[in-house]
Amino acid sequence: MNEKVEIKPLSPELLPDFLSFFDTRAFCDNPEWGECYCRCFKTVGVAAWKAATGPANRRDAEREIRLGAMRGYMAYVDGVMRGWCAADGKLSYPMLSDFEGILGPEDEKTAAIVCILVEAEFRGKGLGRKLVEVALAGEGLRGFDFMEAYPRVSSHRLSDAEAYPGPMELYLGMGFEPIRTVGDRSVLRKSLKD
């Protein structure tokens with residue numbers, strides 16, 4: 001990739017970029033998911049998520065970003081946001097409690113990546129890896145001891161939409177280790193103290 005790539009932590013000042021990305025480009029090839037605004041794992045329970053609407057998700061994301069209560073990393077290519085990685089303390093994602101076996105004794109010391117989303121034409125160019133690299137460093141500086149990720153496992157090739165937690169190969173290639181399988185997800189962990 002010859003373009004200039006920058007990874008920035010989400011901040012209230014970058015809210016317009018976040019909203020523009022999710023409003024127009026994030027789901028061009030998967031429009032039925034276009035109203036998430038990365039709210040799924042911030043929701044308490046599957047029923048509440050299914051009842052959530054696009055306008056409500058957008059409003060809630062905007063409010064949380066303004067308050068500094070939503071965290072993640074934004075990938076910019078030549079000054080335009082083209083990718084997103086949702087990464088924060090594991091306990092800040094209430095939906096994880098719906099997956100029996102994902103919560104554990106070290107959760108207070110653990111950050112989690114729950115979504116990596118790269119605009120279709122920029123996939124396969126290393127943006128996801130750069131997002132994870134910066135998320136590892138950023139969450140380590142915030143004092144977390146571990147980072148977890150929950151890629152989906154399947155006997156068939158996952159579509160880009162189905163692989164929203166990030167591909168298994170990406171994490172394994174960056175030193176994450178499998179610690180257990182929960183349903184159709186592998187729980188991967190990496191120490192941030194190395």
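Just so we're clear, the structure is a prediction, and the values are computed from it rather than from any experiment. Each chain carries its own residue numbering, running from 1 in the direction its sequence is written. Only residues with pLDDT of at least 70 get local features here, since the model is predicted, and only at 80 or more are side-chain atom pairs given and counted; chain-wide, interface and lining totals rely on the full set of residues. In computing side-chain properties, one takes all heavy atoms of the structure into account and sets aside hydrogens as well as water.

## A short note on the overall build of the protein chain
Selection rule: Where helices and strands are cited, they refer to DSSP runs of H or I of at least four residues and of E of at least two residues respectively, numbered from the N terminus. The globule rule is 2.2 Å times the number of residues to the power 0.38, and the radius of gyration it is compared with is taken over C-alpha atoms. Here's how the labels work: a residue is buried when its accessible area is under 20% of the maximum for its type, exposed when over 50%, partly exposed in between, all with a 1.4 Å probe on protein chains only. We call two residues in contact whenever any of their non-hydrogen atoms come within 4.5 Å of each other.
Scanning the protein chain from N- to C-terminus turns up five helices and seven strands. The helix and strand sequence of the protein chain, counted from the amino end, reads β-α-α-α-β-β-β-α-β-α-β-β. Expected size for 194 residues packed as a compact globule is a radius of gyration near 16 Å; at 16 Å, the protein chain falls within 12% of this value. If you line up the protein chain on its principal axes, its C-alpha atoms span 40 × 35 × 35 Å. Here the protein chain holds 194 residues, and 49% of them are scored as buried. For the protein chain, restricting intrachain contacts to residue pairs at least 6 apart in sequence, the fraction spanning at least 24 positions comes to 68%.

## Let's talk about the pattern of salt bridges
Where we set the bar: When a carboxyl oxygen of Asp or Glu is within 4 Å of a side-chain nitrogen of Lys or Arg, the pair counts as a salt bridge.
Applying the stated criterion across every chain yields a total of 21 salt bridges. Arginine 71 is the salt-bridge partner of aspartate 88, the closest N and O atoms lying 4.0 Å from each other. Here aspartate 88, found in strand S3 (residues 80-89), pairs with arginine 71, found in the loop between helix H3 (54-67) and strand S2 (73-77); they are 17 residues apart in sequence, far enough to count as distant. Across the pair glutamate 148 and arginine 189 runs a salt bridge whose closest N-O atoms are separated by 2.7 Å. Separated by 41 residues along the polypeptide, glutamate 148 in strand S5 (residues 146-149) and arginine 189 in strand S7 (residues 185-191) bring together distant segments of the chain. Pair check on accessibility: glutamate 148 and arginine 189 agree, each one buried.

## Structural notes on the packing of aromatic side chains
Where we set the bar: Working definition: rings of Phe, Tyr and Trp (its six-membered ring) pair if their centres are within 6.5 Å, and the pair is stacked with planes under 30 degrees apart, edge-to-face with planes over 60 apart, and tilted otherwise. A ring is considered to have a charge above it if a Lys NZ or an Arg CZ atom is located within 6 Å of its centre and within 35 degrees of its normal.
Counting across every chain of the model gives nine aromatic pairs. A centroid spacing of 5.8 Å and a plane angle of 35° characterise the contact between phenylalanine 22 and tyrosine 37, whose relative ring orientation is tilted. Of the two residues, phenylalanine 22 sits in helix H1 (residues 15-25) while tyrosine 37 sits in the loop between H1 and helix H2 (46-51), which places them 15 residues apart along the sequence. Among the aromatic residues, ring-to-ring pairing joins Phe18, Phe21, Phe22, Phe27, Tyr37 and Trp84 into one connected group. When the ring centre of phenylalanine 122 is taken as origin, the NZ or CZ atom of lysine 125, which lies over that ring, is 5.5 Å away. Over the ring of phenylalanine 146 we find arginine 189; its NZ or CZ atom is 4.7 Å from the centre of that ring.

## Things to note about the side chain of serine 186
Inspection of the secondary structure puts serine 186 in strand S7. By relative accessible area, which is 5% here, serine 186 ends up buried. Sequence-distant contacts of serine 186, that is, excluding residues within four places in its chain, are made with Ala149, Tyr150, Pro151, Val153, Met168, Pro178, Arg180 and Thr181.

## Observations concerning the layout of surface pockets
Here is the rule: Any residue with an atom within 4 Å of a point lines the site, the site being either a cavity, points on a 1 Å grid over the protein atoms alone where a 1.4 Å probe fits but cannot get out, or a pocket, an open set with protein on both sides within 12 Å along at least 5 of 7 lines. Grid points are joined across faces, edges and corners, and a volume is the space filled by probe spheres set on the points. Side-chain classes are defined by residue name, with Ala, Val, Leu, Ile, Met, Phe, Trp, Tyr, Cys and Pro counting as nonpolar, Asp, Glu, Lys and Arg as charged, and the others, Gly among them, as polar.
Here the largest pocket is characterised by a volume of approximately 710 Å³. Lining the largest pocket we find 32 residues, and of these Arg123, Asp160, Ala163, Gly166 and Pro167 sit closest to its centre. Those elements that provide at least two residues to the lining of the largest pocket are strand S4 (110-118), helix H4 (127-141) and helix H5 (168-173). Taken together, the residues of the lining of the largest pocket break down into 17 nonpolar, seven polar and eight charged. If you trace the second largest pocket, you find 26 residues lining it, with Cys36, Cys40, Phe41, Trp49 and Tyr164 closest to the centre. Looking at the lining of the second largest pocket, the elements that each hand over two or more residues are H2, H3 and S4. Grouping the constituent residues of the lining of the second largest pocket by class yields 16 nonpolar, three polar and seven charged.

## Let's talk about the packing of H1 against H3
Which entries qualify depends on this criterion: Helix axes use the C-alpha atoms of the stretch in contact, all axes being lines fitted to C-alpha atoms, and the angles between their N-to-C directions lie in the range 0 to 180 degrees. Comment on the angle field: the value is read as roughly parallel under 35 degrees, roughly antiparallel over 145, roughly perpendicular from 65 to 115, and oblique elsewhere. The sense of a crossing depends on the near helix, which, turned anticlockwise from the far helix by less than a right angle, makes the crossing left-handed and, turned clockwise, makes it right-handed.
Between H1 and H3, whose axes approach to 11 Å, the crossing angle comes to 160°. Considering their axes alone, H1 and H3 lie roughly antiparallel with respect to each other. Considering how the two elements wind past one another, H1 and H3 form a crossing that is right-handed. On H3, the residues that touch Leu15, Phe18, Leu19 and Asp23 of H1 are Arg58, Ala61, Glu62, Ile65 and Arg66.

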